[in-house]
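Below are the chains, spelled out letter by letter.
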Amino acid sequence: MGKTLFEKIWESHIVVEKQNEPALIYIDRHLVHEVTSPQAFDGLRMNNRQVRRPDLTIATMDHNVPTSDRTLPILDQTSAVQIKTLENNCKDFGIKLFDINSPNQGIVHVIGPQLGITLPGSTIVCGDSHTSTHGAFGALALGIGTSEVEHVLASQTLWLEKPKTFEVRVEGKRNNPHAVTAKDIILSIIKNIGTAGGTGTVIEYRGEGITDLSMDQRMTICNMSIEGGARAGLIAPDQKTFDYLRDREYTPKNYETLVDSWKENLKTDSDAIFDKQFILNINDIAPQVSWGTNPGMTCDVDEPIPSPDEFSNGDVNQKKGAEKALEYMDLKSGTMIEDITIDRVFIGSCTNARLEDLIESSKIVQGQKVASNVHAMVVPGSQMVKKQAEEMGLDKIFIDANFEWREAGCSMCLGMNPDILSPGERCASTSNRNFEGRQGNGGRTHLVSPVMAAAAAINGHFVDVRKLDLN
Amino acid sequence: MEPFQNVKSIVTPLDKVNVDTDQIIPKQFLKLVQKSGFGKFLFFNWRYDENENMKSDFILNDPKYDGSKILVAGDNFGCGSSREHAVWALDDYGFSVIISSSFADIFFSNCFKNGILPISLESEIIQKLLQETNVVEVDLENQIIKTPSESISFTINSHKKKILLEGLDDIAQTFQYVDEISEFEKKSTVPSVL
């Protein structure tokens, strides 16, 4: 029987394997940020251990960093301490750090691919659940906890139980590629499989609906694999992948040789069998808007908010969850999505703050003004994305429309820096989680694509972007 | 890590599904650089109002459950962010066993690194345990939860059980394989970053 792409990567990274026990898996790339690493470095110090492979380890600061003027000191003292701690740890253990003033600074999952650090067929870990993003390049990319960060720093390996395989196949060709985006595809998948649908599995996204996507769009898909509960998400590398990674700052010198071997090896065999499968047609997907407090609580933009009964399909606990969610979100079943007015717009995060996201949303914003009831901001995913966007004049388009144009970081995706919602504020957000209080205590998050967020900013409420001329 | 001891305690029933790690420990507490002291922030937004007064309708604030070491909750517990701070907060608060019908993968793995036992059981049993008002005993060695009325058996991977019972240091274990790791590195075709 043939093998899946995941199985091939897994097998090529086994260091130790025993029956009925986890396998010791080698890690090719370790990305480190300021929030989930300090206790790991402390653990190394306490036990007098070193970082085994500093040459496979890269650090940046993204969660805490202010997105306002970088020449000013960081006012939040606990954030400042955490950032300083990462600087000291990287210095002490000899790790390459892209600090707050580096032109390469940015959200760890945006800079990895941009710098050519992410490679097909490799294993990548980071103390961050959205590490799944790198799976867009055909890498096995896993989010891990701080104890595992320490383990990888010390040994460059991890004990892992072999996940199951899950094929998510998106068939068909998009009629409406500027309105129905990668974000709508992944939200639609999560709505269907549920937030625990992928638990214990690695998803491989396949089909024409996936291979048609650009690399930026594929990263949006893989990024939210964790929101469907999956251990990781993968897309087999192809010519688009190889072209994207060529000539980046850290692209390996023997790149063309590597590409030849990737072309030969990094694909699922035609007779491979997945443990689980889900299929949908891309032309059944509409722009999505989340209405609840987890990413599975999502509906089409032209639908009313479902009743807890409709949503829960007879499951009592899910019904209770939906009732609670509607109460928290201050929404009623039956309300049309387009009738929901918003206070804030956030275009940013490791899900949707790459160059293409900014280009697409700027087309909607161009020549328009943000509605008077809305405060809108754009936070590019990295300083490099910011620079590229500025070279194209996108910053002016957003600023002229009264958007704030910020420095790179995680920002209001989780609000560890000063960018947060006030209690009760309602936000159209291109981020990945609409959990209670995620963007600020009492804040209400609606997950949408960048074009949906831009259109909501201009109109002051959600609009179906399929009605707009986007070409 | 301390070896896991059997636990006898009343059960704290948290009757919610999809409890994400943002709820277990909100982001403002992730800025700390140590592992200790997170217990007072556990379920912060559910436990305290805007003036940081205890909310009387939240289960952890009911004095009946003071000192409880066993938390029972609905499906998909610990979903979302990988933050191990969630496990540190549960541990520091005093919980050493979490029972649910299912756990998110990263949270599940984080539990074992900190001596916490996560137990998965059928939804019907979870519903019963959510109603249990008596002291129950969790016996890891024999993989049994004893309530006054019944004994409920649970499954656990034998390797994970051993880690908890012996309180093993993961990294020290791995260092036994340092030759295998070096050997792997010699034949690896993935180039260094730098």
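Heads up: the structure comes first, above all this text.
The rules behind each value
- Residues numbered from 1 in each chain as written.
- Chains lettered and ligands numbered in written order.
- Predicted model: local features only at pLDDT ≥ 70, side-chain atom pairs only at ≥ 80, totals over all residues.
- Helix = DSSP H or I, 4+ residues; strand = E, 2+ residues; numbered from the N terminus.
- Buried ≥ 20, exposed ≤ 12 C-beta atoms within 10 Å, placed from the backbone.
- Contact = placed C-beta atoms within 7 Å.
- Nonpolar A, V, L, I, M, F, W, Y, C, P; charged D, E, K, R; others polar.
- Pairing = 2+ DSSP bridges.
- Axes fitted to C-alpha atoms, helices over the stretch in contact; angles between N-to-C directions.
- Core = buried A, V, L, I, M, F, W, Y, C linked by C-beta atoms within 7 Å.
- Parallel < 35°, antiparallel > 145°, perpendicular 65-115°, else oblique.
- Left-handed = near helix turned anticlockwise from the far one by under 90°.

Caption draft 1: Structural context of the overall build of chain B. Counting its regular elements, chain B contains 8 helices and 8 strands. Along the first, second and third principal axes, the C-alpha atoms of chain B reach 60 × 45 × 25 Å. For chain B, buried positions account for 40% of its 194 residues. Sequence separation of 24 or more characterises 68% of the internal contacts of chain B that already satisfy a separation of 6 or more.

Caption draft 2: A look at the interface of chain A and chain B. Taken together, the 62 residues of chain A in the interface contact 45 residues of chain B. Tallied by class, the residues present in the side of chain A that touches chain B amount to 20 nonpolar, 31 polar and 11 charged.

Caption draft 3: Quick peek at the sheet that holds strand β7 (residues 144-146) of chain B. Residues and elements named next belong to chain B. Strands sit in the order β1-β6-β7-β8 across an open sheet of 4 strands; the sheet is antiparallel. Looking at the sheet topology across the chains shown, the edges are occupied by β1 (7-9) and β8 (151-153). Ignoring which end each strand starts from, the neighbouring axes of this sheet average 15 degrees apart. Direction of pairing for β1 relative to strand β6 (residues 136-139): antiparallel, over a ladder of 3 bridges. Among the inter-strand pairings, Lys8 is bridged to a residue of β6, identified as Glu137.

Caption draft 4: Quick look at the nonpolar core. Membership of the largest hydrophobic core comes to 187 residues, with the highest contact counts inside it found for A:Val345, A:Met452, A:Ala456 and B:Leu90. Not counting the four nearest positions on each side in its chain, A:Met452 is found in contact with A:Pro287, A:Val289, A:Ala428, A:Phe462 and A:Val465.

Caption draft 5: The arrangement of unusual backbone geometry in detail. Residue and element names in this part refer to chain A. Despite not being glycine, Asp247 has its phi angle at roughly 60 degrees, a positive value. As for its placement among the helices and strands, Asp247 is situated in the loop between α9 (239-245) and α10 (255-265). Here Asp247 falls in the exposed class, since 9 other C-beta atoms lie within 10 Å of it. Phi is positive for Asn402, close to 80 degrees, though the residue is something other than glycine. With 17 C-beta atoms counted inside 10 Å, the residue Asn402 sits in the partly exposed group.

Caption draft 6: Highlighting the pairing of strand β6 (residues 123-126) of chain A. Residues and elements named next belong to chain A. Residues Thr123 and Val125 line one face of β6 and the alternating positions Ile124 and Cys126 line the opposite face, and both faces are buried. With 3 bridges joining them, strand β3 (residues 29-32) and β6 adopt parallel strand pairing. Paired with His30 across the bridge in β6 is Val125. Examined bridge by bridge, β6 and strand β7 (residues 140-143) share 4 bridges and lie parallel to one another.

Caption draft 7: Broad picture of the packing of helix α6 (residues 182-193) of chain A against helix α8 (residues 215-223) of chain A. All names here are of chain A. Close contact between α6 and α8 brings their axes to 8 Å; oriented N to C, the two are set at 20 degrees. By the angle class used here, α6 and α8 are roughly parallel. Handedness of the α6/α8 crossing: right-handed. Counted together, Ala182, Lys183, Ile185 and Ile186 of α6 and Gln217, Thr220 and Ile221 of α8 form the full contact between these two elements. Grouping the constituent residues of the contact of α6 with α8 by class yields 4 nonpolar, 2 polar and 1 charged.

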